[in-house]
Amino acid sequence: MAKELDGIHIGGININSILYADNTTLIADSEAKLQNLLNAFVMESEQNGLSINRQKSACMVISKSLNTLPCNVTVNGDKLEQVDQFSYFGSQSSLLFQYHIAG
């Protein structure tokens, strides 16, 4: 993933993805930035003969807001499912965790 694509900034460092084996998590602080990251990721993947598994792809918004914010990102025109929790290598991540640590 190109380092110049904006993600989130922690301690002055831009973080836009977490990569492990064939799993990728894209991270951004806005829907537009996430869509840009996803577009670049899809293009780079396709150029290297890879494709995105839509059944294993989803979007999750983590926010301090108690209201669920919509996420309308797409892969080749198909909207990704928005979830409020997901499993990543056996660990469950959810919005409840965010509320707990922000609390």
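Scope of this entry: the structure provided in the associated data block. (Residues numbered from 1 in each chain as written. Predicted model: local features only at pLDDT ≥ 70, side-chain atom pairs only at ≥ 80, totals over all residues. Heavy atoms only, no water.)

## What to know about unusual backbone geometry
For step 1, the next point in the chain: With a phi angle near 50°, alanine 21 is a residue other than glycine that sits in the positive phi range.
For step 2, the next point in the chain: By the secondary structure assignment, alanine 21 is in the loop between β3 (17-20) and β4 (23-26).
For step 3, the next point in the chain: For alanine 21, a relative accessible area of 75% corresponds to the exposed category.
For step 4, the next point in the chain: Here the phi dihedral of asparagine 76 falls at roughly 50°; this positive angle occurs in a residue that is not glycine.
For step 5, the next point in the chain: For asparagine 76, the position within the fold is in the loop between β6 (74-75) and β7 (78-79).
For step 6, the next point in the chain: Asparagine 76 gets classed as exposed once you look at its relative accessible area, which sits at 57%. (Helix = DSSP H or I, 4+ residues; strand = E, 2+ residues; numbered from the N terminus. Buried < 20%, exposed > 50% of the residue type's maximum accessible area, 1.4 Å probe, protein only.)

## A closer look at the side chain of serine 45
For step 1, the next point in the chain: Summarising the element assignment, serine 45 is placed in helix α1 (residues 31-47).
For step 2, the next point in the chain: Those residues within four positions of serine 45 in sequence are excluded, and the remaining contacts are Leu50 and Ile52. (Contact = heavy atoms within 4.5 Å.)

## As for the nonpolar core
For step 1, the next point in the chain: Counting twelve residues, the largest nonpolar core is built from Leu26, Leu34, Leu37, Leu38, Phe41, Val42, Cys59, Val61, Cys71, Val73, Val75 and Leu80.
For step 2, the next point in the chain: Sorting elements by how many residues they give to this core places α1 first, with five residues. (Core = buried A, V, L, I, M, F, W, Y, C linked by side-chain atoms within 4.5 Å.)

## Some points on the environment of valine 42
For step 1, the next point in the chain: Inspection of the secondary structure puts valine 42 in helix α1.
For step 2, the next point in the chain: On the basis of relative accessible area, valine 42 is assigned to the buried category, the value being 6%.
For step 3, the next point in the chain: Distance from valine 42 to isoleucine 52, taken between C-alpha atoms, is 7.0 Å for residues ten residues apart in sequence.
For step 4, the next point in the chain: Those residues in contact with valine 42, other than ones at most four positions away along the chain, are Ile52, Val75 and Asn76.

## Observations regarding the side chain of asparagine 16
For step 1, the next point in the chain: Considering the arrangement of structural elements, one finds asparagine 16 in the loop between β2 (13-15) and β3.
For step 2, the next point in the chain: Of the residues examined, asparagine 16 reaches a relative accessible area of 7% and is grouped as buried.
For step 3, the next point in the chain: For asparagine 16, the side chain forms a polar contact with the main-chain oxygen of leucine 5, separated by 2.9 Å. (Polar contact = N/O pair within 3.5 Å; in protein donor to acceptor, adjacent residues only side chain to side chain.)

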